[in-house]
Amino acid sequence: MLSKEKTMEAMSRMYQMFPDAVGELHSESPFQLLIAVILSAQATDVSVNKATPALFSAYPTPEALAQAPIDDIISKIKTIGLYRNKAKNIKACAQMLLDDYGGIVPDSREELIKLPGVGRKTANVVLGDAFGEPAIAVDTHVERVTKRLRICKLNASVTEVEATLMRKIPKELWVKSHHTLIFFGRYHCTARSPKCEICPLLDMCQDGKDRLKAARK
């Protein structure tokens, strides 16, 4: 397990690699971001960004989406995985925003996770990107990278990964670190073919050393 000091050394190298890491989902309001993040579960940001322009053009507000026929919603997001269930969730989410929050996206994790289709990861993304609140959302990239680098235990749950990162990274860097870890995992330390041989973090990554050693055999 990397210490706090070594964790921040690793993060600093990643910051240098991806100085402009930000959320890649397209949105123009907290509501649109919330819907986009719900749609992104088990789907790529690229696929979501291809579908949401037509969706948001037709239904830009909670009022419009809540009133939309479910078949119309499905037709606009059918290129995204799990589209039928997601269509139901975003329509129900829009309705709950109207019924319980005056059509305004809440800015607390406790309230966000009450919404249909919203789990802790989704809530954390919205908190960080829509409201600038310190939060770390653990997706597959964040989990993979932090475990490969031994920042977190290999058997850690998603919530344990989040708690470990919150403990080892200063609060004011949580959102930046979340996006940087995603970029590092998405574009460098990929699931199937990580670029270990050219990685600036190889000297502190036992997983990478083991991979290269096995590849030489």
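Look above for the structure.
Let me sum up the structure you'll find in this document. Keep in mind that this is a model prediction, so the values were computed, not measured. (Residues numbered from 1 in each chain as written. Predicted model: local features only at pLDDT ≥ 70, side-chain atom pairs only at ≥ 80, totals over all residues. Heavy atoms only, no water.)

A look at helix 12 (residues 206–216)
- Within helix 12 the residues assigned to the buried category are D207, G208 and L212. Projected down its long axis, helix 12 carries its buried residues within an arc of 130 degrees, all on one side.
- In this structure, the buried side of helix 12 is in contact with helix 9 (140–148). (Buried < 20%, exposed > 50% of the residue type's maximum accessible area, 1.4 Å probe, protein only. Helix = DSSP H or I, 4+ residues; strand = E, 2+ residues; numbered from the N terminus. Arc of directions from axis to C-beta. Contact = heavy atoms within 4.5 Å.)

A look at the layout of surface pockets
- Estimates place the volume of the largest pocket at around 880 Å³.
- Together, 39 residues line the largest pocket, and S40, A43, D45, K121 and D139 are the ones closest to its centre.
- Put simply, the parts of the chain that give the lining of the largest pocket at least two residues each are helix 2 (30–39), helix 3 (45–58), helix 6 (83–101), helix 8 (120–131), helix 9 and helix 11 (174–187).
- Sort the elements by how many residues they give to the lining of the largest pocket and helix 8 lands first, with six residues.
- The residue inventory of the lining of the largest pocket, partitioned by class, reads 15 nonpolar, 16 polar and eight charged. (1 Å grid on protein atoms, 1.4 Å probe; cavity = no way out; pocket = protein on both sides within 12 Å on 5 of 7 lines; lining within 4 Å. Points joined across faces, edges and corners; volume = space filled by probe spheres on them. Nonpolar A, V, L, I, M, F, W, Y, C, P; charged D, E, K, R; others polar.)

As for the packing of aromatic side chains
- Applying the stated criterion across every chain yields a total of two aromatic pairs.
- An angle of 70 degrees between the planes, with centres 6.0 Å apart, marks the rings of F18 and F183 as edge-to-face. You can see F18 sitting in the loop between helix 1 (4–17) and helix 2 and its partner F183 sitting in helix 11, a full 165 residues away along the chain. Here F18 and F183 have matching classes, each one buried.
- Ring geometry for F183 versus Y187: centroids 5.3 Å apart, planes at 70 degrees, classification edge-to-face. Remark: Y187 and F183 occur in helix 11; sequence separation between them is four residues, near one turn of the helix.
- One residue, K176, lies across the ring of Y15, its end atom 4.2 Å from the ring centre. (Phe/Tyr/Trp six-rings, centres within 6.5 Å; stacked < 30°, edge-to-face > 60°. Lys NZ or Arg CZ within 6 Å of the ring centre and 35° of its normal.)

Thoughts on the packing of helix 1 against helix 11
- Across the interface, helix 1 lies against helix 11 with an axial gap of 9 Å and an inter-helix angle of 70 degrees. Of the possible angle classes, the one that applies to helix 1 and helix 11 is roughly perpendicular. Contact residues: helix 1 offers M11, M14, Y15 and M17, while helix 11 offers K176, S177, T180, L181 and F184.
- Residue composition of the contact of helix 1 with helix 11, by class: six nonpolar, two polar and one charged. (Axes fitted to C-alpha atoms, helices over the stretch in contact; angles between N-to-C directions. Parallel < 35°, antiparallel > 145°, perpendicular 65-115°, else oblique.)

Quick notes on the pattern of salt bridges
- Using the criterion set out here, one finds nine salt bridges in the structure.
- The residue E24 makes a salt bridge to R186 at a minimum N-O spacing of 2.3 Å. Taken together, the residues E24 in the loop between helix 1 and helix 2 and R186 in helix 11 connect sequence positions 162 residues apart.
- Its salt-bridge partner being K147, residue E143 comes within 2.8 Å of it at the nearest N-O pair. Taken together, the residues E143 and K147, both in helix 9 and four residues apart, mark about one turn of the helix.
- Classification of E143 by relative accessible area gives partly exposed; the value is 22%.
- Taken together, the salt bridges that share partners define one network made up of K6, E9, R13 and D203. (Salt bridge = Lys/Arg side-chain N within 4 Å of Asp/Glu carboxyl O.)

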